[in-house]
Amino acid sequence: MSETHYDIVTVGGGLGGSSLAKAMSEHGQRVLVLERETNFRDRVRGEFMTPWGVAEAQSLGIYELIRDNCGIDAPVSHLGFGPRDLPSTTPQQLPGLGFSHPEMQEVLLEAAKSAGAEVHRGVTVTGIRTGPTPAVTFQDENGDDQEVTGRFVVAADGRTSSARKWAGFEVKEAPQPFYFAGLLLKGVAAPEDEVYLLFLPHLGACTAMTPIGRGRFRTYVAYADNQGMRLQGEQNVLRFLSDAKRADLISQCFNKAEAIGPLASFRCGDFWVEHPYKDGVALVGDAGSTSDPAFGQGLATTVRDARVLRDCLLANDDWDAAGHAFATEHDRDSQVIRRVSHWFRALFLEQGVDADARRARAMPLIAQDETRVPDHLFSGPNLPADDSVRRRFFGEE
């Protein structure tokens, strides 16, 4: 390895790690990216970025890069209240963005490399040592043990982050009684510039669908965990499609749909770290906080983390202070995202007598005035999210 000390060592070369590596390399920093996978493969992950995330991606210089290489603009959204033109109705005045997740990872990792970052793939990180000069140990492509040091280490290795554990962060959990299943489809009879998030409150379910380009659509189904089954594997594809069709607005879209990827489910809930920075190590993206379902905000959260951390590091020569500034801003955003996501789950997905009473009170009012629905999903966590917003959403004012 040509260097053993870097300004930044990034554990993970996905959306968050590659975006930050590209941005910091463009500002003259020596960056090392350590990525486990030699080839990114299709897995069930987020593939839609809401307008507030697109604005963050634009600031990082990756929006057009993703769109032009592996994605497609989605300016129209459907939440069951009629079509909405996102560029004319959000503060960002931008569309949503759909894209293939593994293709996006390849594009951004190559962009980081072109910007000057050193990228090593097929490596297995085995530990992190925190402190004034943090270190990362790993097995390289040849199976040899290596250690590098950095001025700053970024853990961007996803929701099951091992780096988070090695650095000694405590994870808080608030599980939710739902699963989210996802499947990549072709042959869907739907416009390629529209995204759907359609709730079925009486069933405690929803169907979401986003275009990712070249005639492909990622489709998701949320369902309660008390149904005694998991929508997983090839044997459940027909059941998945049947459940997706329960959303009347797009029920006819799936008549000729074909699966072109794996079907998998994951448990929903909130998992987060309070103040995801300490001793030279910062957590970004899902390593720092995950909310499922966050109704399309997961990717936006990751690029905001990368943008905020970039700005903090460039604004302050004291990178320990910069790390704390990043974590403080992350905490504020994470709290809002969790709070608003919980409101949506409580009104649109939860079941039982109390949930029915909430809907009986709120839904007629929302039908008369759609602005009662908080717009954080599309417009971002900078919007107010205090109790007056909650009461208006639930019709309690």
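Description of the structure in this document.

Helices and strands together make up the secondary structure of the protein, namely 12 helices and 20 strands. Taken over C-alpha atoms, the radius of gyration comes to 21 Å for the protein, in line with the 21 Å a tight globule of 397 residues would show. Reported as C-alpha extents along the three principal axes, the dimensions of the protein are approximately 60 × 45 × 40 Å. Residue burial in the protein is summarised as follows: out of 397 residues, 57% are buried. Sequence separation of at least 24 residues holds for 72% of the intrachain contacts in the protein that already meet a minimum separation of 6. If you sum the accessible surface of the protein, you get close to 15700 Å²; carbon and sulfur atoms cover 47% of it. Positive and negative charge centroids in the protein, built from 41 and 55 side chains respectively, lie 4 Å apart.

Spatial strand order, β3-β7-β4: 3 strands in an open sheet with antiparallel pairing. The strands lining the two open edges of the sheet, one partner per strand, are β3 (48–49) and β4 (71–74). Note that β4 and strand β7 (residues 96–99) share 4 bridges and pair antiparallel. Looking at the pairing, Asp 73 lines up with Leu 97 of β7.

Here the focus is the packing of helix α2 (residues 51–60) against helix α8 (residues 298–315). Interaxial distance between α2 and α8 falls to 8 Å at its minimum, and their mutual angle equals 35 degrees. Taken as a pair, α2 and α8 cross one another with a handedness that is left-handed. Of the residues in α8, those touching α2 at Trp 52, Gly 53, Glu 56, Ala 57, Ser 59 and Leu 60 are Ala 300, Thr 301, Val 303, Arg 304, Ala 306, Arg 307 and Arg 310.

Now for the environment of His 5. With respect to the helices, strands and loops of the structure, His 5 is situated in strand β1 (residues 5–11). Each C-alpha atom, one on His 5 and one on Thr 133, is 9.5 Å from the other, the two residues being 128 residues apart in sequence. In contact with His 5, not counting residues within four places along its chain, are Arg 30, Thr 133, Thr 149, Gly 150 and Arg 151. Side chain to side chain, His 5 and Thr 149 meet in a polar contact 2.7 Å long.

Counting through the fold element by element, Ser 341 comes out in helix α9 (residues 319–348). Setting aside residues no more than four positions away along its own chain, Ser 341 makes contact with Pro 293, Ala 294, Phe 295 and Gln 297.

This part covers helix α7 (residues 237–244). Where α7 is concerned, the buried positions are Val 237, Phe 240, Leu 241, Asp 243 and Ala 244. What you see down the axis of α7 is that its buried residues fit within an arc of 160 degrees, all on one side. Check the buried side of α7 and you find it contacts β12 (172–186), β14 (205–213), β15 (216–224) and β16 (258–259).

On to the environment of Leu 94, then. The residue Leu 94 is located in the loop between α4 (86–89) and β7 in this model. Judged by relative accessible area, Leu 94 falls into the buried class, the value being 10%. Between the C-alpha atoms of Leu 94 and Trp 52, which are 42 residues apart in sequence, the distance is 8.0 Å.

Let's shift gears to the packing of aromatic side chains. Following the criterion strictly, the structure yields 13 aromatic pairs and no others. Centroid distance Phe 199 to Phe 295: 5.5 Å. Interplanar angle 65 degrees. Geometry classified as edge-to-face. Linking Phe 199 in strand β13 (residues 194–200) with Phe 295 in the loop between β20 (289–292) and α8, this pair joins segments that are 96 residues apart in sequence. Residue class for Phe 199 comes out buried when judged on its relative accessible area of 14%. Site record: aromatic cluster; members linked through ring pairs are Phe 199, Phe 295, Phe 344, Phe 348, Phe 393 and Phe 394.

Enumeration according to the criterion identifies 30 salt bridges in this entry. The closest approach of N and O atoms between Asp 42 and Arg 218, which form a salt bridge, is 2.4 Å. Here Asp 42, found in the loop between β2 (31–35) and β3, pairs with Arg 218, found in strand β15; they are 176 residues apart in sequence, far enough to count as distant. By relative accessible area, which is 0% here, Arg 218 ends up buried. Taking the shortest distance from any N to any O, the salt bridge between Arg 391 and Asp 387 comes out at 2.7 Å. Taken as a pair, Arg 391 and Asp 387 lie in helix α12 (residues 387–394) at a separation of 4 residues, close to a single helical turn. Classification of Arg 391 by relative accessible area gives partly exposed; the value is 32%. On the basis of relative accessible area, Asp 387 is assigned to the partly exposed category, the value being 40%. Within this structure, Glu 56, Arg 304, Arg 307, Arg 310, Asp 311, Arg 332 and Asp 333 form a network of salt bridges that share partners.

What counts and how
- Residues numbered from 1 in each chain as written.
- Predicted model: local features only at pLDDT ≥ 70, side-chain atom pairs only at ≥ 80, totals over all residues.
- Heavy atoms only, no water.
- Helix = DSSP H or I, 4+ residues; strand = E, 2+ residues; numbered from the N terminus.
- Rg over C-alpha atoms; globule rule 2.2 N^0.38 Å.
- Buried < 20%, exposed > 50% of the residue type's maximum accessible area, 1.4 Å probe, protein only.
- Contact = heavy atoms within 4.5 Å.
- Areas by Shrake-Rupley, 256 points an atom, 1.4 Å probe, with all protein chains shown as cover.
- Lys, Arg positive; Asp, Glu negative; His and termini not counted.
- Charge placed at Lys NZ, Arg CZ, Asp CG, Glu CD.
- Pairing = 2+ DSSP bridges.
- Axes fitted to C-alpha atoms, helices over the stretch in contact; angles between N-to-C directions.
- Left-handed = near helix turned anticlockwise from the far one by under 90°.
- Polar contact = N/O pair within 3.5 Å; in protein donor to acceptor, adjacent residues only side chain to side chain.
- Arc of directions from axis to C-beta.
- Phe/Tyr/Trp six-rings, centres within 6.5 Å; stacked < 30°, edge-to-face > 60°.
- Salt bridge = Lys/Arg side-chain N within 4 Å of Asp/Glu carboxyl O.

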